[in-house]
Amino acid sequence: MFQSLESGETKLSYLAVKICLAVDITLSLKAFRLFFNHEQIRTMSRVKRRTTHPPYWHVLKNNQRTDEKISSDNLRFVQEVIQDKYKNKSPIKGSDLDIEKTEWDPKTKRSGVIARNIGVQHMWEKDGKKVICTVLHVLDNHVIRYVPPEEYAKSVIGAKMFKNRKPLGCLVVGAEASNPERFTRQYCSLFDEVGLLPKKRLARFIVTPNAALPPCTPLTAGHFVIGQAVDVYGKTIDYGFQGVVKRWGFKGGPASHGTTKFHRRGGTIGTGRDKARVWPGQKMPGHMGSERRFNRGLKIVRINMKYNIIYVKGTVPGPTNSIVQIFDTALPRRKFTEAPPHPTYFPPEDGTLPQEDIWDSSLHVFGSPSISV
Amino acid sequence: MLRRAVLQTFRQGLAQSFFKRYAVSLTETTVTHQPIETSDEAGERTVPTQKTGDESGNTVVVAPPEFRFIYPEFLPDPAMERRNRLREKLERMDMLQRRSVIEIPEFYTGSIMAVTVADANSPNKFARFVGICIQRGGSGLRAWFILRNVVDKQGVEILYEMYCPLIQKIEVLRLERRLDESLLYLRDALPEYSTFPMDMEPERRLNNSVVPINPLKVKLRPRPWLERWERQNLQGVEDLNLPQRFYDRAEKVAKPWEKYDLMLHYRKTIPAEEQEKIFAEVHSQLQQQELKRKLRRRRGSDNEY
């Protein structure tokens, strides 16, 4: 809630306060920009931030042949084959899977989860303060494969990752089952061993061997605990080709006072004397966004077990309806002190349904009476 | 000439028929001479819920069409990039939960309302503000409205978020509508049009079924103004008495083709079929809440005697 001022009255004093604040901020920014490390820019400019070609191990995923001339009988036969192959299986209980009973210790790395960012919802804390929460929908995650540490350390990526440290295992998790007709045979073969419908999204999660899960294990919103901190990994919003003002925060030029064609341009790009060339990494217009980023330390404030929804305090990289990965946080001071559902959450065997909607203690539950301060 | 006139009327007729069939926008066709029935009337009608049959012969519960005006914040933001059906459904569930605790009455721009809010800095911990609703917007839990009043010759506007748990009570002291959907011009009007006593009593309406439209034409102060009111096609403002050059410039800058742009209006609104689905979903719970409140009110009035 805010109070706005009448047009005629005390607008001057309000403007004066606004200008003072703006001046303060620009002064501090200028001081920061005086220390310009060319060396660091040069090394960072060599880092490849995005690629458009797929990696060498990539398996062609989508079925390219769209106009196959098959008769309707054969189409029906294909659908029958798919039905037979992926017959409905009963929901997998914890007791069905042979999971070794392992102990949780603070150094355990659990699996992560693939989710979709379905938007933002505003909630309120118990003192009336508004909080912006991102709503994450945990899709139908299933473990596809577990690669033990010794095997993973031999792969190209594993060797690089564990060059000078103890190797860890790798869990391949898939989400969003869909029609096998849409995918190529090579892609469907990834799921043949497990007997699952091919998944649209796949992700690798690095886990310690004690948090390993057998194939076909479902991962749900219950995998996480209320109040824990999570890291969310996603691809940022794609802004396309952007100018220097939006991309790098340049000031541009004056809007009026006779300025000719210099409103949103970069200005000078070098000194002319020192080195007499443009340094690599010079900030210029170009493609902005669509980069893989982590937002770390986001607190889980609400879990809905029925719809598999997690509400996370803060925002998450990427636009609405984009896919993200959620991990237990890597920030040292916000890690677990007590054991979480290890290696993952399973609904209780005796059929008692879990609490549908779990809220953090700091949040105001909507059905409860209004806050009186 | 005749052909052009015929084409024009044809196009207008097309646009109008489109809106009659898919009358979804609050702004365009609904600010007409037809008064809107209130929820009281809807509840007291002999057939409160319209049960239409579908092809299989099963009855499908459909909410009354007034819900679109009484509960406009249940409709989501039409921008397609940010829409997600599951999140909207969860948000509606939360909204209904909040509405079960506090009564958020039916109101429109131009209604005079009083809002009581928990305020730590007030002497008795609650702050009550009376004002005229000049604008309302937002969808879902972000729905808001602005109340305006003139207190001690100082104009004050407060934006309230409808679902904020700090709000203790929302009363509608006078339920009426104005000729415009947004009364922001009251900022440039004479102060008496925005002044309402803080201890105003709720007014009882004689005719409960229809929300009256107040055809008041407001007098503006002399220029300078905060906005170019002559360009905004305001109905509730007296003749602005500006030099002709203002109106000429307004004509040059105007976009008269926008009212024929069907895709523009389609993108700005939720389709009628989806609106029906949404209101059918929340309809039964809202009706239950209304009934409970009515019973409580009747029991309260009985207890007085």
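- Under the annotation held in an unreviewed UniProt entry, chain B carries the name Large ribosomal subunit protein bL19m and is attributed to Daphnia sinensis.
- The UniProt entry for chain B carries this comment under Subcellular location (unreviewed entry): "Mitochondrion".

- Taking an unreviewed UniProt entry as the reference, chain A is identified by name as Large ribosomal subunit protein uL3m belonging to Daphnia sinensis.
- Quoted straight from UniProt, the Sequence similarities (unreviewed entry) entry for chain A says "Belongs to the universal ribosomal protein uL3 family."

Considering the pattern of salt bridges
Residue and element names in this part refer to chain B.
- Under the criterion given, the structure shown has 27 salt bridges over all chains.
- Here E171 makes a salt bridge to R128, at a shortest N to O gap of 3.3 Å. With E171 in strand β7 (residues 167-174) and R128 in strand β4 (residues 126-137), the pair connects residues that are 43 residues apart, well separated along the chain.
- With a closest N to O distance of 2.9 Å, E157 and R148 form a salt bridge. For the pair E157 and R148, one class covers both residues: buried.
- Sharing partners across several salt bridges, the network here consists of R83, R85, E88 and E274.

Some details on the packing of aromatic side chains
- This model, assessed by the stated rule, comprises 15 aromatic pairs over all chains.
- Centroid distance A:F294 to A:F327: 5.8 Å. Interplanar angle 45°. Geometry classified as tilted. Separated by 33 residues along the polypeptide, A:F294 in strand β11 (residues 292-304) and A:F327 in strand β13 (residues 322-328) bring together distant segments of the chain.
- For A:F294, a relative accessible area of 34% corresponds to the partly exposed category.
- Note on B:F67 and B:Y71: the rings are 5.0 Å apart at their centroids and 70° apart in plane angle, and the pair reads as edge-to-face. Taken individually, B:F67 and B:Y71 each receive the classification buried, so the pair is uniform in this respect.

Observations regarding helix α4 (residues 85-101) of chain B
Residues and elements named next belong to chain B.
- If you check α4, its first and last C-alpha atoms are 25 Å apart, about what 17 residues at 1.5 Å a residue would give, namely 24 Å.
- Of the residues making up α4, those classed as buried are R87, E88, L90, E91, R92, D94, M95, L96, R98 and R99.
- Backbone nitrogen of L86 and a side-chain oxygen of the N-cap are separated by 3.1 Å at the start of α4; the cap is N84.

Considering the sheet that holds strand β6 (residues 199-207) of chain A
Residues and elements named next belong to chain A.
- Pairing is antiparallel in the open sheet, where four strands are placed in the order β6-β5-β4-β7. On the outer flanks of this sheet lie β6 and β7 (218-219), each paired with one strand and no other.
- Bridge count for strand β4 (residues 141-147) against β7 is two bridges, and the pairing is antiparallel. The partner of H142 across the bridge, within β7, is P218.

Let's talk about the interface of chain B and chain A
- Contact residues are listed per partner, giving 41 residues for chain B and 36 residues for chain A.
- Between chain B and chain A, a total of about 3,300 Å² is buried, with carbon and sulfur atoms accounting for 56% of that surface.
- One can count two salt bridges joining chain B with chain A.
- For A:R302, the salt bridge is made with B:D94, and the minimal N-O distance between the two is 3.0 Å.
- The interface formed by chain B and chain A contains ten residue pairs in polar contact (both at pLDDT 80 or more).
- The set of elements that each furnish at least two residues to the side of chain B that touches chain A consists of α4, β3 (112-118), β6 (154-161) and β7 of chain B.
- Ranked by residue count, the leading element in the side of chain B that touches chain A is α4(B), at ten residues.
- Of the residues that constitute the side of chain B that touches chain A, the class distribution is 19 nonpolar, five polar and 17 charged.

Focus: the environment of B:E103
Residue and element names in this part refer to chain B.
- Along the chain, the position of E103 falls in the loop between α4 and β3.
- The exposure class assigned to E103 is partly exposed, which follows from its relative accessible area of 30%.
- As for E103 and E290, which are separated by 187 residues in sequence, their C-alpha atoms are 8.7 Å apart.
- Contacts of E103, omitting those with residues within four sequence positions, involve I170, R293 and R297.

Let's talk about the environment of A:V138
Residues and elements named next belong to chain A.
- Examined against the element boundaries, V138 turns out to sit in strand β3 (residues 130-138).
- Taking the C-alpha atoms as reference points, V138 and Q64, separated by 74 residues in sequence, lie 29 Å from one another.
- Excluding residues within four positions of it along the chain, V138 makes contact with V113, I114, A115, L219, T220, A221, N308 and I310.

Regarding the confidence of the model for chain A
- A residue-level look at chain A finds 83% of positions with pLDDT of 70 or above and a mean pLDDT of 83.
- Low pLDDT, under 50, characterises residues 1-33 of chain A; the predicted model gives this stretch 30 contacts beyond four residues in sequence or across chains.

Concerning the pairing of strand β2 (residues 113-124) of chain A
All names here are of chain A.
- Within β2, ten of the twelve residues are buried, which leaves the element mostly enclosed by the surrounding structure.
- Pairing geometry for β2 and β13, over five bridges, is antiparallel. Within β13, the residue paired with I114 across the bridge is Q325.
- The pairing of β2 with β3 spans nine bridges and is classified as antiparallel. Considered in β3, the bridge of N117 is made with L136.
- Hairpin connection from β2 to β3: five residues lie between these consecutive antiparallel strands, with G128 at a positive phi of about 90°.

Focus on the nonpolar core
- B:F74, B:F145, B:Y160 and B:Y163 are the most contacted members of the largest nonpolar core, which totals 54 residues.
- With 31 residues, the next largest nonpolar core counts A:V173, A:A211, A:F224 and A:V232 among its residues.

Each value, and the rule that gives it
Residues numbered from 1 in each chain as written. Chains lettered and ligands numbered in written order. Predicted model: local features only at pLDDT ≥ 70, side-chain atom pairs only at ≥ 80, totals over all residues. Heavy atoms only, no water. UniProt positions renumbered as here; feature names shortened; annotations may be inferred. Salt bridge = Lys/Arg side-chain N within 4 Å of Asp/Glu carboxyl O. Helix = DSSP H or I, 4+ residues; strand = E, 2+ residues; numbered from the N terminus. Buried < 20%, exposed > 50% of the residue type's maximum accessible area, 1.4 Å probe, protein only. Phe/Tyr/Trp six-rings, centres within 6.5 Å; stacked < 30°, edge-to-face > 60°. Expected span 1.5 Å × (residues − 1). Polar contact = N/O pair within 3.5 Å; in protein donor to acceptor, adjacent residues only side chain to side chain. Pairing = 2+ DSSP bridges. Contact = heavy atoms within 4.5 Å. Buried area = accessible area lost by both parts, 1.4 Å probe. Nonpolar A, V, L, I, M, F, W, Y, C, P; charged D, E, K, R; others polar. pLDDT = per-residue confidence, 0-100. Core = buried A, V, L, I, M, F, W, Y, C linked by side-chain atoms within 4.5 Å.

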